[in-house]
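Next come the chains, spelled out residue by residue.
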Amino acid sequence: MANARVTVHPEARIDRIEPEVHGHFSEHLGRCVYDGLWTDDTADEDGFREDVLELLADLEIPVLRWPGGCFADDYHWEDGVGPQEDRPRRRNLFWAQGREDVPEESNAFGTDEFLQLCEKIGTEPYLAANVGSGDPQEAADWMEYCGYDGDTELADRRRENGHEEPYEVPYWGVGNENWGCGGQMSPEQYAREFRRFATYMGSMDNLMLDYDVELIACGFEGHEWNRRFMEEVASGRWGVDFPLDHLTLHHYYGRGMTVSESDEDDYDELFVGALEMEDHIERIASTIDAVATTRDIGVIVDEWGTWHTEAVPENGLEQPGTVLDALSAAAVLDIFNHHSDVMTMSNIAQTVNVLQCLVETEGDEAWARPTYRVFDLYAPHKGNDALTTSVDTPSREVERADDDLPFVGASASVADDGETYVTVTNLDCRDGHTVEVAIEGEDADAADLDAEVLFEGQDPGLEVDASNADEFTAEDLDVDVDGDVLTVDLAPSSVAGISIQ
C-alpha cells in the first residue's frame, strides 16, 4: 500500500529548466586540475586526461566555472598564457595543490588550456575575474584576449598562442566571495567595486565583441548582505539598468559530518541541510525583485554540495564519495527544477577529485562517483519546461537540525515532443516507500513507460572507489499502472527517473 503520493500538474508549467543549472566548477585546488583534468601522465597530446574528459563529455555538461573559488581573487591571468616553460611559478594562497600537496601554482594550465578543455568536452566557459587583488583593466584585458577578433596586441597574442578565432566566453564572474576570501568587503564596498568593474567589463560587448556577455555578481548566504548590495548598486547612475545579469550564492552542507563515523541520524541531518537550498533561492530571488526583477537578473548557485570534515586545505579538500552525497544532489536538483522561473545556472563543487566531485582519479584510473550517476539520471530534465509537482509524504523529526525530513521528493518536466519526465527520491535511509505518481489528465495505461532506479540495495555510507564504481549504475525499475496512477517501490536511499510518452 502506497504511503506517499506525487501529483504532477501539466497545466501548471513553471518555466524552462536552463541546461546550465546542471553546471560544474573546477578550481586550482588539490587534484582538481593537476592530476584531475590535466597531467603529464596518462594524457593526450595536449596534456589532458583522456579518461576524465571522456567521462565529462559523456555527461554533456553545459557550463564549467574556472579558475575559482578563492583562487580567482589572487590569480593573474597573464601568468598562465604563452609558452609553458616561460610561465612564472606563483603562490596558491588558499589551497594545497597537485600530487605534492604544495601551496604553489605552476601556471602550466592557464586560460588557453581551460578554454581548449571546454572545446574538447563541448561546454560553455564561465570565467571568474580577480576583484580582490586585481583591477578593472586586468579583467577587461582578459576579455579582450579571449574574445576580440580585431588587430590589438592582446588579440594578436592569443593568435600567437595558437587560437586564431575568438573563444567567445559568455559568462564572466565579477569576483568570488568578496564578502570573505575575495577581500572581506562590506556589501556597499563590493557594490562600488562591482560598478567600477562592470563599467569596463560590461562595455566590452558594445563594440569589441561579436557576442553577448553576461556579468555575474557574487552574493552571500546572509541575505541582508545581498539586500544592501543590490540597493547600493541600484543607487548609481545606471539605476536598475546596470549591467548585472545574475546574482549568486554558495551553499555547502554536511560540514560537521565525518562520513566514516556517521550514522542514520547524521544522514537525516545532512539531507535537511541540502533541502535548505530552497529557502536560500526564495530569499535571494525576493531580494532581486525588491530592487529590480528576476525577469532580468537570474539566480545562480555557483558553488554547492557536501563539505565533510575529511575535506581540509592540507589534503586538497578530498572526501569520500558516497550514495549519501548523490542523494543530496538529487534533492537539490529537484529544488532547482521547482524554481526554474528564477534559476539560470548552478555549479556543483567540484568536477574532479575535490569535495562532491563527479569524477575521481587515482594514478591511471578514473571513475564516476554516485553523484555523476544522479546528474546522468536527471539529464532528461535539461531544456524541458518544469511542471508544478505536489508531494504528500511521511517525514521524521530531526532534532539536531530543528526541522523535519520529508522522505519522498520529486520534480517533473515536459519536453517539446510531449514526453513527461519525473524524478522521485527516497531520502529515508532506513525504510523503503511505495510511491504513487499521478499525472493529471494523462492516460498512463496508454503511455510508453521507461523507468530506472539508482542505488537500490546499496549502503548509503559506503565509500565508492575504482573497484566498485560500476556497481552504482542505474537499473530497470518496475512500474505498476492503474488508470492515471503509476506506483513504484523505492528502496531506502534510492532515486528513480520515470519517462512517460
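Note: the structure precedes this text.
Definitions and cut-offs
- Residues numbered from 1 in each chain as written.
- Predicted model: local features only at pLDDT ≥ 70, side-chain atom pairs only at ≥ 80, totals over all residues.
- Heavy atoms only, no water.
- Salt bridge = Lys/Arg side-chain N within 4 Å of Asp/Glu carboxyl O.
- Helix = DSSP H or I, 4+ residues; strand = E, 2+ residues; numbered from the N terminus.
- Buried < 20%, exposed > 50% of the residue type's maximum accessible area, 1.4 Å probe, protein only.
- Polar contact = N/O pair within 3.5 Å; in protein donor to acceptor, adjacent residues only side chain to side chain.
- Axes fitted to C-alpha atoms, helices over the stretch in contact; angles between N-to-C directions.
- Parallel < 35°, antiparallel > 145°, perpendicular 65-115°, else oblique.
- Left-handed = near helix turned anticlockwise from the far one by under 90°.
- Contact = heavy atoms within 4.5 Å.
- Nonpolar A, V, L, I, M, F, W, Y, C, P; charged D, E, K, R; others polar.
- Pairing = 2+ DSSP bridges.
- Disulfide = S-S within 2.5 Å.
- Arc of directions from axis to C-beta.

## Examining the pattern of salt bridges
Within this structure, the stated rule accounts for 34 salt bridges. Where Asp-35 meets Arg-49, a salt bridge forms, and the shortest distance between an N and an O atom there is 3.8 Å. Within this pair, whereas Asp-35 is found in the loop between strand S2 (23-25) and helix H1 (50-59), its partner Arg-49 is found in the loop between S2 and H1, the two being separated by 14 residues in sequence. This pair shows no difference in class: Asp-35 is buried, exactly as Arg-49 is. Between Arg-227 and Glu-224 there is a salt bridge, with its nearest N and O atoms 2.3 Å apart. Linking Arg-227 with Glu-224, this pair stays in helix H7 (residues 223-234), spanning three residues, or about one helical turn.

## Some remarks on the environment of Arg-65
Structurally, Arg-65 can be placed in strand S3 (residues 63-66). When the C-alpha positions of Arg-65 and Leu-127 are compared, they lie 5.9 Å apart, and in sequence the two are 62 residues distant. Side chain to side chain, Arg-65 and Glu-303 meet in a polar contact 3.1 Å long.

## Here we look at the packing of helix H3 (residues 136-147) against helix H4 (residues 153-160)
One can describe the packing of H3 onto H4 by two numbers: an axis separation of 7 Å at closest approach and a directional angle of 50 degrees. Taken together, H3 and H4 sit at an angle that is classed as oblique. As H3 packs across H4, the resulting crossing turns out to be right-handed. Along its contact with H3, which presents Asp-141, Glu-144, Tyr-145, Cys-146 and Gly-147, the element H4 presents Leu-154, Arg-157 and Arg-158. Per-class residue counts for the contact of H3 with H4 are three nonpolar, one polar and four charged.

## Some thoughts on the side chain of Ser-26
Here Ser-26 lies in the loop between S2 and H1. Accessibility expressed as a relative area gives 0% for Ser-26, which makes it buried. A distance of 2.8 Å separates a polar atom in the side chain of Ser-26 from a polar atom in the side chain of Thr-351. What Ser-26 contacts, discounting residues up to four positions off in sequence, is Cys-32, Leu-37, Leu-64, Arg-65, Trp-66, Pro-67, Gly-68, Gln-350 and Thr-351.

## Things to note about the sheet that holds strand S1 (residues 4-16)
As summarised here, the arrangement of the 10 strands in space is S21-S20-S24-S18-S17-S14-S1-S19-S23-S22, forming an open sheet in which the pairing is mixed. Edge positions in the sheet fall to strand S21 (475-476) and strand S22 (480-482), since each has one partner strand and no second. Taken together, the seven bridges between strand S17 (residues 408-414) and strand S18 (residues 420-426) define a ladder with antiparallel strand orientation. Paired with Ser-413 across the two strands is Tyr-421, which belongs to S18. Here helix H10 (residues 323-338) sits on the sheet and contacts S1, strand S14 (385-392), S17, S18 and strand S24 (494-500); the angle it forms with S17, its principal contact strand, is near 50 degrees. Docked against the sheet, helix H11 (residues 370-378) engages S17, S18, strand S20 (449-454) and S24, running at close to 20 degrees with respect to S24.

## Here we look at the pairing of strand S9 (residues 246-253)
A large share of S9 lies buried, amounting to eight of its eight residues. Strand direction decides the pairing type here: strand S8 (residues 214-217) and S9, joined by two bridges, are parallel. Within S9, the position partnered with Ala-217 by the bridge is Leu-247. Strand direction decides the pairing type here: S9 and strand S10 (residues 298-306), joined by eight bridges, are parallel. When the bridges of S10 are listed, Leu-247 appears paired with Val-299.

## Considering the sheet that holds strand S7 (residues 171-174)
If you trace the eight strands once around the closed barrel, you get S2-S3-S6-S7-S8-S9-S10-S11, paired in parallel fashion. In this sheet, neighbouring strand axes are inclined to one another by 25 degrees on average, regardless of whether the strands run parallel or antiparallel. Bridge analysis of strand S6 (residues 124-129) against S7 gives four bridges, and the strand direction is parallel. Within the sheet, the bridge partner assigned to Ala-129 lies in S7 and is Val-174. Each of S6, S7 and S8 is contacted by helix H5 (residues 187-201), which is oriented at about 145 degrees to S7, the strand it contacts most.

## Description of the state of the cysteines
Under the definition given, this model contains one disulfide. The disulfide that involves Cys-70 links it to Cys-181, with 2.1 Å between the sulfurs. A torsion of -90 degrees about the S-S bond marks the disulfide between Cys-70 and Cys-181 as left-handed. Residue Cys-70 is found in the loop between S3 and strand S4 (90-91), and its partner Cys-181 is found in the loop between S7 and H5; the two are separated by 111 residues along the sequence. Taking relative accessible area as the criterion, Cys-181 reaches 22% and is therefore assigned partly exposed. Looking at Cys-357, it has no disulfide partner, and the nearest cysteine sulfur is the one in Cys-32, 8.4 Å off. Take Cys-357: its relative accessible area is 1%, and that puts it in the buried class.

## Describing the environment of Leu-53
Position of Leu-53 among the secondary structure elements: in helix H1. The class for Leu-53 is buried, based on a relative accessible area of 9%. The contact partners of Leu-53, leaving out residues within four places of it in the chain, are Leu-37, Phe-48, Leu-117, Lys-120 and Ile-121.

## Points about H1
Taken together, the buried positions of H1 are occupied by Val-52, Leu-53, Leu-55, Leu-56 and Leu-59. Down the axis of H1, the buried side of the element spans an arc of 160 degrees, and every buried residue falls inside it. Opposite the packed face of H1, turned more than 90 degrees from it, sit the exposed residues Glu-54 and Asp-58. Looking at the buried side of H1, the elements it contacts are S2, helix H2 (111-121), strand S12 (359-362), strand S13 (365-368) and H11. Glu-60 lies just past H1 and shows a positive phi near 55 degrees.

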